Amino acid sequence: GCVHIPMCPYGCHAYVISPKGAAKLLRRCKDGASYHVDVVAWGLPNLRIYAVHPLLVHQSNLDTTIGGLHNTNAGREQHQQNKLKGICDSYTGFNLIWALNAPLLRVGGNMAPWLLLTNGRAIFLMVLGIVVSVSFQSKPMLILTAVYVASIVVVIRILTSAQ
C-alpha cells in the first residue's frame, strides 16, 4: 500500500484525524460546514490531507454503516442491487446515479422541498440551456445559461469556503 495526497475531495468517506487536526477544523469552521464536509475541508489552507491505497473503507451509500441497514441481510441485498445500478468505478464504488441525485442546493429548507437542486438537475438545466441556445441561435438564452452556471459556481464556492 501507499499514502498519497488525493487529487480531489470527493470520496472522503472515512477519516482518521489527530486531536490537533480536529481542533484546527473546529477553529476554522466555527459555524459548521454548510456543504459536504470533505469539500469544505479541502477549501481550508494549510490543511494536510492524505489518502491510502488500497482503500481501507468502501462507501455503500446506504443509510449507514454504523449499526444500520448495511450490516443486515437486507442491507447486503440492497448493496448488491445498488452495484448493478450506476457503478462507474468498481474500485471506489462511485455510483453515478447517487451522485446525480445528491442535493446541491435547497432554497427554503423543509418549507419548500420542491426548490431542491440536485447535481443532476443542475447539469441537465445547463445542458438544456446550451442546446436551446444553439438550436435557436439565441444569444439571450446563452447569456441566461452562463449567468445560471456562474451563479451556481458562486453559491458552491461560498458554501464550501470556511465559515
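One numbering rule holds for all chains: residues counted from 1, following each sequence as written. Whole-chain, interface and lining totals are the exception, using all residues; otherwise, since this is a predicted model, local features are given only for residues with pLDDT of at least 70 and side-chain atom pairs are given and counted only at 80 or more. The basis for the side-chain values is all heavy atoms of the structure; hydrogens and waters are excluded.

Concerning a nonpolar patch on the surface
Piece 1. Where nonpolar side chains cluster on the molecular surface, the patch consists of V3, I5, Y50, V52, L56 and V57 and spans about 630 Å² of accessible area.
Piece 2. Under the DSSP-based scheme used, a helix requires at least four consecutive residues in state H or I and a strand at least two consecutive residues in state E, with every element numbered from the N terminus. Residue position: V52 is located in strand β2 (residues 51–53).
Piece 3. Throughout this description, buried means an accessible area under 20% of the type-specific maximum (1.4 Å probe, protein chains only), exposed means over 50%, and partly exposed covers the range between. On the basis of relative accessible area, V52 is assigned to the partly exposed category, the value being 34%. Here a patch means residues that are over 30% exposed by relative accessible area and free of salt bridges, tied together within 9 Å if like-charged and within 5 Å if nonpolar (Val, Leu, Ile, Met, Phe, Trp, Tyr). Note on areas: these come from Shrake-Rupley sampling with a 1.4 Å probe, and a residue is covered only by the protein chains present in the view. Take a side-chain nitrogen of Lys or Arg and a carboxyl oxygen of Asp or Glu: if they are within 4 Å of each other, that pair is a salt bridge.

Examining the side chain of T118
Piece 1. One can find T118 in strand β6 (residues 116–118).
Piece 2. Taking the relative accessible area as the measure of exposure, T118 reaches 6% and is therefore buried.
Piece 3. A polar contact is formed between the side chain of T118 and the backbone oxygen of L100, at a distance of 3.4 Å. Distance and chemistry together define a polar contact, namely a pair of N or O atoms within 3.5 Å, with one atom able to donate a hydrogen and the other to accept it when in protein, and with adjacent residues in sequence counting only for side-chain atoms on both sides.

Details of the side chain of T145
Piece 1. Its place among the elements puts T145 in helix α6 (residues 139–160).
Piece 2. Two residues form a contact once any of their heavy atoms are found within 4.5 Å. Apart from residues no more than four positions distant in its own chain, T145 is found in contact with M126, G129, I130 and S133.

Comments concerning the environment of V155
Piece 1. If you trace the backbone, V155 turns up in helix α6.
Piece 2. Measuring from C-alpha to C-alpha, the distance between V155 and L104 comes to 9.8 Å, with 51 residues separating the pair along the chain.

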